[in-house]
Amino acid sequence: SSAAVSRRIASKWPRPVWHAPWKMYRVISGHLGWVRCVAVDPSNEWFATGSADRTIKIWDLASGQLKLTLTGHIEQVTGLAVSSRHPYMFSCGLDKMVKCWDLEQNKVIRSYHGHLSGVYSIALHPNLDVLMTGGRDSVVRVWDMRTKVQAMVLSGHDQTVCSLLAQAPDPQVISGSHDSTIRLWDLRKGKASAVLTHHKKSIRALAMHPHEFAFASASAENIKKWALPDGDFLHNMLSQQRAIINSMAINQDGVVATGGDNGSLWLWDWRSGHCFQQDETVVQPGSLESEGALYDMTFDMTGSRLITAEGDKTVKMWKEVEDATPETHPGLPFRPPKDIKRF
């Protein structure tokens, strides 16, 4: 046939960079409920986890030892953010509370009242003294950190706002929601500068690229990459995780980690969108199989450690396999996409 004699055209798709596979090296148990959120301190010495047992625990990053337990929420703690400019940590929970913790006195110094229902996501602005929270009342609320005043309500979503990003250049706030849209917000006008409707399911995870002006969004059907500032669609990741993806993190080397409700931890190459490792978390002994969900994950400040918060009440830490080479650990085979989809 003519197909057999015609010249094969090489794929224009970028070849994935080889990344070492990741392995779990530490399991930290201590919480009495699902671990819902995790945040790393900017000095990279400790990290905090918030849990369904209503506590926030602070752990030593190097040793994994418990340093502190903070109580104060009366429902699940669903979001944590540590400020890089103040000695403060912010938390939000299903008790409608948004709290500011002073890390020098280890106590709540401010509460931000105004959410009508549970708060699911929190983000701090890198330059301004404002914080954003999104929740069940389907709006993003922008709070003045110092005066506790609700400076703005960014309304437009029809459903729970379950993921938030904040950054210094416009769009300063990006929100993903259960109404399967992503909104890029213009903080000066207080309204959406773009609405991205490509996803079919709720967007529970958003992640900012550390140095490219781009971000990724994860939904149950696939993971999409977007260019900023306008939210131009770049491409889909090349495989489908087939799980509800609760969390996503990107490190400086272009490794993207996504964690699913079924305990699947997939690692991707950012540039090509190729999945190079598909891992499963193992539930701690005595847990149900169904408790192997990943609820949140973050890389530490160096990008060499991945911390995952899980439904089996543990926090797990992952690192790259040290002596891996492209020959010993080639990773999953790369298949460039045959047809490039426009959405």
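Computed from a prediction, not measured in an experiment: that's the story for all the values here.

Draft legend 1. How the structure looks around the sheet that holds strand E25 (residues 275-280). Strands sit in the order E22-E23-E24-E25 across an open sheet of four strands; the sheet is antiparallel. At either end of the open sheet lies a strand with only one pairing partner, and these are strand E22 (245-250) and E25. Here the strands of the sheet are splayed against their neighbours by 15 degrees on average, with no regard to which way each runs. Here strand E23 (residues 255-260) runs beside strand E24 (residues 264-269); their pairing, made up of five bridges, is antiparallel. Each residue of the ladder has a partner; that of Gly-259, found in E24, is Leu-265.

Draft legend 2. Layout of the nonpolar core. Grouped together as the largest cluster of nonpolar side chains are 15 residues, with contacts concentrated most on Ala-218, Ile-223, Met-248, Ile-250, Val-256, Trp-268 and Trp-270. At the level of secondary structure, the elements contributing two or more residues to this core comprise strand E18 (203-208), strand E19 (214-219), E22 and E24. The next biggest cluster of nonpolar side chains, apart from the first, holds 13 residues, and it includes Ala-81, Ile-122, Leu-124 and Trp-143.

Draft legend 3. Representation of the environment of Asp-144 in the model. Here Asp-144 lies in strand E12 (residues 139-144). For the pair Asp-144 and Asn-246, spaced 102 residues apart in sequence, the C-alpha separation works out to 28 Å. When near neighbours in sequence (up to four residues on either side) are disregarded, Asp-144 contacts Tyr-112, Asp-129, Val-130, Val-149 and Ala-151. Among the polar contacts made by the side chain of Asp-144, one reaches the main-chain amide nitrogen of Thr-147 at a distance of 3.3 Å.

Draft legend 4. How the structure looks around the environment of Arg-305. Among the structural elements, Arg-305 can be located in strand E27 (residues 305-310). Arg-305 has contacts with Trp-22, Tyr-25, Thr-298, Phe-299, Asp-300, Trp-318 and Lys-319, leaving out every residue within four places of it along the chain. A polar contact is formed between the side chain of Arg-305 and the side chain of Tyr-25, at a distance of 3.0 Å.

Draft legend 5. Spotlight on the sheet that holds E27. Spatially, E1-E28-E27-E26 is the arrangement adopted by the four strands of the open sheet, whose pairing is antiparallel. Every other strand in the sheet has two partners, leaving strand E1 (22-29) and strand E26 (294-299) as the edge strands with one partner each. For this sheet, the mean angle separating the axes of adjacent strands, direction not counted, is 25 degrees. Examined bridge by bridge, E1 and strand E28 (residues 314-320) share seven bridges and lie antiparallel to one another. Bridge pairing in E28 places Val-27 opposite Lys-316.

Rules used in this analysis
- Residues numbered from 1 in each chain as written.
- Predicted model: local features only at pLDDT ≥ 70, side-chain atom pairs only at ≥ 80, totals over all residues.
- Heavy atoms only, no water.
- Pairing = 2+ DSSP bridges.
- Helix = DSSP H or I, 4+ residues; strand = E, 2+ residues; numbered from the N terminus.
- Axes fitted to C-alpha atoms, helices over the stretch in contact; angles between N-to-C directions.
- Core = buried A, V, L, I, M, F, W, Y, C linked by side-chain atoms within 4.5 Å.
- Buried < 20%, exposed > 50% of the residue type's maximum accessible area, 1.4 Å probe, protein only.
- Contact = heavy atoms within 4.5 Å.
- Polar contact = N/O pair within 3.5 Å; in protein donor to acceptor, adjacent residues only side chain to side chain.

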